[in-house]
Each structure stands twice: as structure tokens, then as C-alpha cells.
Amino acid sequence: MIVVSDTSPICYLLLIGEIKLLPQLYGQVLIPRIVQQELSDERSPIAVKNWIEKPPQWLIIQDVTVPVDKDLESLDAGEKAAIILALQERANLILIDETLGRKVARNKGLRVTGLLGVLDRAAQQNLVDFPKTIAALKGTTFRASSRLIEYLLSQY
């Protein structure tokens, strides 16, 4: 399975101590170099910067040239590059949280999930306690619809 990730899912998995879920669920994960740069940005939490300084072997960092594409204009650099990488690699899945980025990725034919989808899948495989993980996530700056979170919590 080929999986590409944007910045946000990796950042928040690191912040809640669940980054191990990515290799457990997907084996390898590809990111564009710009996502690596976003993770190491001076405004990133220290835990995120320290982790990306010595990325694990399961994280594959690739250079991506983003062509001019009207559909991608309103996205940030990491989202653009992640979508292009997913298209180039014919990825089975792209991990992206931002609403507009998800919409653009779907419109380009990509299968999309976000951080909550990753956590839900992990919980279904008994890799995490979903309510505890969501409680930890609420302690970060992560934002999602309260209706969506309540619906997911009602499943556990």
C-alpha cells in the first residue's frame, strides 16, 4: 500500500505519542520534502522538530516538483506537494486534514483520510483506546467538527 501524508497528521500523531500507528497501519509513508521542512520549521513543537531531524526508516522523503495547477492555487505548499506526490506515486491513500485540501485531493481521484480516520482505523484494530486518544488530541491545537468527534466517540 502506498500512503502519502501531509504535515498535520504526522505532527499531531507525534504530539499525542501515537506516531507508531503509521508504520503499524501502513508500513511505509511517503512525504514530500516540503512537509519535512514544515515539520522542522522553527514554529513547530520541539518534539516534532527533534523527531524529523532523524526520521525513521519507514518515512520516505521525496522531492516533488509542483506544476502550475489552478486547482492547487489556494492550498499551502505541503498540501500541494502531498497531492502531487500521491498522484505521481498512484498512492492508495493520502493523509490530509484541511477541508479544502481534502476536497481537491478527492476531486483529483485520490482516496483521502485524515488524522481522525487514522485513529479510528487504529482503534478498530485495537491498536489504541479511541476515547483516550481523542482526549489527548483535545489537549493540542487540533480542530475538527465536534459533531464528527462525538459521532466517532459513540462508536466506542
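Above this text is the structure in question.
Since this is a predicted model, take the numbers as computed values, not measurements.

Peer 1: Sorry if this is basic, but what is going on with the nonpolar core here?
Peer 2: Within soluble globular proteins, side chains that are nonpolar generally end up buried alongside one another. Ranked by size, the top nonpolar core spans 36 residues in total, and within it Ile 10, Leu 22, Tyr 26, Leu 119 and Leu 137 carry the most contacts. A per-element tally of this core places helix H7 (residues 115-124) first, with 6 residues. Ignoring any residue separated from it by four or fewer positions in sequence, one finds Leu 137 in contact with Tyr 12, Ile 16, Leu 115, Leu 116, Leu 119 and Phe 142. Of all hydrophobic cores here, the second largest spans 16 residues; its members include Ala 86, Ile 94, Val 104 and Val 112.

Peer 1: So what exactly am I meant to see when it comes to the side chain of Gln 36 here?
Peer 2: Looking at where Gln 36 falls in the secondary structure, it is placed in helix H3 (residues 33-39). Gln 36 gets classed as buried once you look at its relative accessible area, which sits at 18%. Sequence-distant contacts of Gln 36, that is, excluding residues within four places in its chain, are made with Ile 31, Ile 52 and Ile 61.

Parameters at a glance
Along each chain, residues carry numbers from 1 onward, in the same order as the chain's sequence is written. Under the rules for a predicted model, residues below a pLDDT of 70 receive no local features and side-chain atom pairs below 80 are neither given nor counted, while totals for whole chains, interfaces and linings still include all residues. Remark: hydrogens and water are excluded; side-chain values derive from all non-hydrogen atoms of the structure. Within this scheme, the nonpolar core is defined by two criteria: the residues are buried Ala, Val, Leu, Ile, Met, Phe, Trp, Tyr or Cys, and they are joined through side-chain atoms within 4.5 Å. Three labels apply to residues, based on accessible area from a 1.4 Å probe with only protein chains included: buried if under 20% of the type maximum, exposed if over 50%, partly exposed otherwise in between. Where helices and strands are cited, they refer to DSSP runs of H or I of at least four residues and of E of at least two residues respectively, numbered from the N terminus. Contacts: residue pairs with any heavy atoms within 4.5 Å of one another.

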